[in-house]
Structures are given as structure tokens and as C-alpha cells.
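# Structure at a glance
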Amino acid sequence: MAVPALVQELAAIGQEPPNRDALHEFTVRCRMLCPKPDPVMGIKPHSDGTVITVLLVDDGADRLQVLRDGVWYSVPSSAHTLLINVGESMEVMSNGMFRSPVHRVVTNAEKERISLAMFYALDPEKVIEPAAGLGICSSNRS
Ligand SMILES: O=C(O)CCC(=O)C(=O)O
Ligand SMILES: [Fe+2]
């Protein structure tokens, strides 16, 4: 989903785009060749704690994998394409409408890989809850 579309979705469910109390972190990762890729994990399985993570991955370096129903699937990477990953904060705020996928990065013996990640996260001290109207009774609401 493109970022403007995501912001529109947030507006539609009455949720402000998280431009206040927000933290941004920008990471560039370069993964060298790994002669024995099998036992070596690039990034171990996790889900992001962010609202969204924006990824730009090397063309053809399909080493990002998502877990679905117990099976790992490779995410195809293509040039000039941004990948938007839903984070756990988004899952909470959308009351599970958007799910934060467990993902990992595997290593490879043939091709180095560069990825750029922008983590769009809330202040970890901030208490979040599903947006109004998404099925939770809050003690702060009548
Ligand atoms: O490098 C990637 O493709 C993904 C990185 C990632 O999952 C992370 O940094 O949380
Ligand atoms: Fe991640």
C-alpha cells in the first residue's frame, strides 16, 4: 500500500497520521556474501514494533521472507519499488485490520544485498489503543 493511501486509510478510521510523538529511524544495511547461508540468518524472525516500515531493497535480492500459516514466502524485490511493512503499532491501532507480519532476512552465497529501512514508530512510552469505532470499549470514552 502506498504511503498516501495508508494516510487516507488512517483518516477514514478517525486516526491521525502519526506525525506527533513519532520517531523515525533510517537504517542502511549491506549484507555481504555468506559462503554457508544455510545455518546463518541475516535477520532473525521478528515483527516490527513500528507503525509502518518503508523498505527499499536491491533489485533481485529476494531474501526478505514473510511467514504465513507456518510457511516462509520470499518477497520479490524490484527496482525503484518501496515495500511498506505494517508494524505492531498499526496492528493495535487498526484493531487487527492490518496485520503485522513476522518476517526475516536470509543470507545468500551469490549476491550481496543492500536494503534501506525507514522505521516510522511512536514513542515507546505512548499508550496506544484501537481507533474509535474499531471495536474496543475504552474507559476514556462514554
Ligand atoms: O532488510 C530488509 O529487507 C528488512 C529489514 C528488517 O526487517 C528490519 O530491519 O526490521
Ligand atoms: Fe523488520
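Residues numbered from 1 in each chain as written. Chains lettered and ligands numbered in written order. Predicted model: local features only at pLDDT ≥ 70, side-chain atom pairs only at ≥ 80, totals over all residues. Heavy atoms only, no water.

By volume, the second largest pocket amounts to about 170 Å³. Residue lining of the second largest pocket: 15 residues in total, with Arg29, Ile43, Leu55, His103 and Val105 positioned closest to the centre. Listing elements by their share of the lining of the second largest pocket, those giving two or more residues are β1 (22-31), β2 (41-46), β3 (52-57), β7 (103-106) and β8 (113-122). A total of 4 residues in the lining of the second largest pocket trace back to one element, the largest contributor, which is β8. Split into classes, the residues belonging to the lining of the second largest pocket amount to 7 nonpolar, 4 polar and 4 charged. (1 Å grid on protein atoms, 1.4 Å probe; cavity = no way out; pocket = protein on both sides within 12 Å on 5 of 7 lines; lining within 4 Å. Points joined across faces, edges and corners; volume = space filled by probe spheres on them. Helix = DSSP H or I, 4+ residues; strand = E, 2+ residues; numbered from the N terminus. Nonpolar A, V, L, I, M, F, W, Y, C, P; charged D, E, K, R; others polar.)

With that settled, consider the sheet that holds strand β5 (residues 71-74). The strand order across the open sheet built from 4 strands is β2-β7-β4-β5, with neighbouring strands paired in antiparallel fashion. Either end of the sheet is taken by a strand with one partner, and the two such strands are β2 and β5. Adjacent strand axes in the sheet meet at a mean angle of 25° when their direction is disregarded. Summarising the sheet, strand β4 (residues 64-68) and β5 pair through 4 bridges and their orientation is antiparallel. (Pairing = 2+ DSSP bridges. Axes fitted to C-alpha atoms, helices over the stretch in contact; angles between N-to-C directions.)

Taken together, Arg29, Ile43, His46, Asp48, Leu55, Val57, Leu64, His103, Val105, Arg113, Ser115 and Phe119 make up the full set of residues near ligand 1. The side chain of Arg113 places a nitrogen or oxygen atom 2.7 Å from an oxygen atom of ligand 1. Contact between ligand 1 and Ser115: an oxygen atom at 2.7 Å from a side-chain N or O atom of the residue. Here ligand 1 loses 96% of its free accessible area of 300 Å² to cover by the protein chains. In this structure the site holding ligand 1 corresponds to the second largest pocket. Contributions of two or more residues to the shell around ligand 1 are made by β2, β3, β7 and β8. With 3 residues, β8 is the single largest residue contributor to the shell around ligand 1. (Near = heavy atom within 4 Å. Polar contact = N/O pair within 3.5 Å; in protein donor to acceptor, adjacent residues only side chain to side chain. Areas by Shrake-Rupley, 256 points an atom, 1.4 Å probe, with all protein chains shown as cover. Sits in = over half its atoms within 2 Å of the grid points.)

A few words now on the pattern of salt bridges. Within this structure, the stated rule accounts for 1 salt bridge. For Arg99, the salt bridge identified is with Glu91, shortest N-O distance 3.5 Å. Classification of Arg99 as exposed rests on a relative accessible area of 59%. (Salt bridge = Lys/Arg side-chain N within 4 Å of Asp/Glu carboxyl O. Buried < 20%, exposed > 50% of the residue type's maximum accessible area, 1.4 Å probe, protein only.)

Right, let's get into the pairing of β7. Here β7 shows a buried face lined by His103 and Val105 and a second buried face lined by Arg104 and Val106. Bridging between β2 and β7 involves 3 bridges; their strand directions are antiparallel. Its bridge partner lying in β7, Ile43 is registered against Val105. Sheet analysis places β4 next to β7, joined by 3 bridges and oriented antiparallel.

Our focus in this paragraph is the environment of Met93. Assignment of secondary structure puts Met93 in helix α2 (residues 88-93). Met93 sits 44 residues away from Gly49 along the chain, and the two C-alpha atoms are 12 Å apart.

So, about the packing of aromatic side chains. Pairs of aromatic rings are described using the distance from one ring centre to the other and the angle between the two planes. Evaluated as defined, the whole model comprises 0 aromatic pairs. The aromatic ring of Trp72 is capped on one face by Arg104, whose charged end is 4.1 Å from the ring centroid. (Phe/Tyr/Trp six-rings, centres within 6.5 Å; stacked < 30°, edge-to-face > 60°. Lys NZ or Arg CZ within 6 Å of the ring centre and 35° of its normal.)

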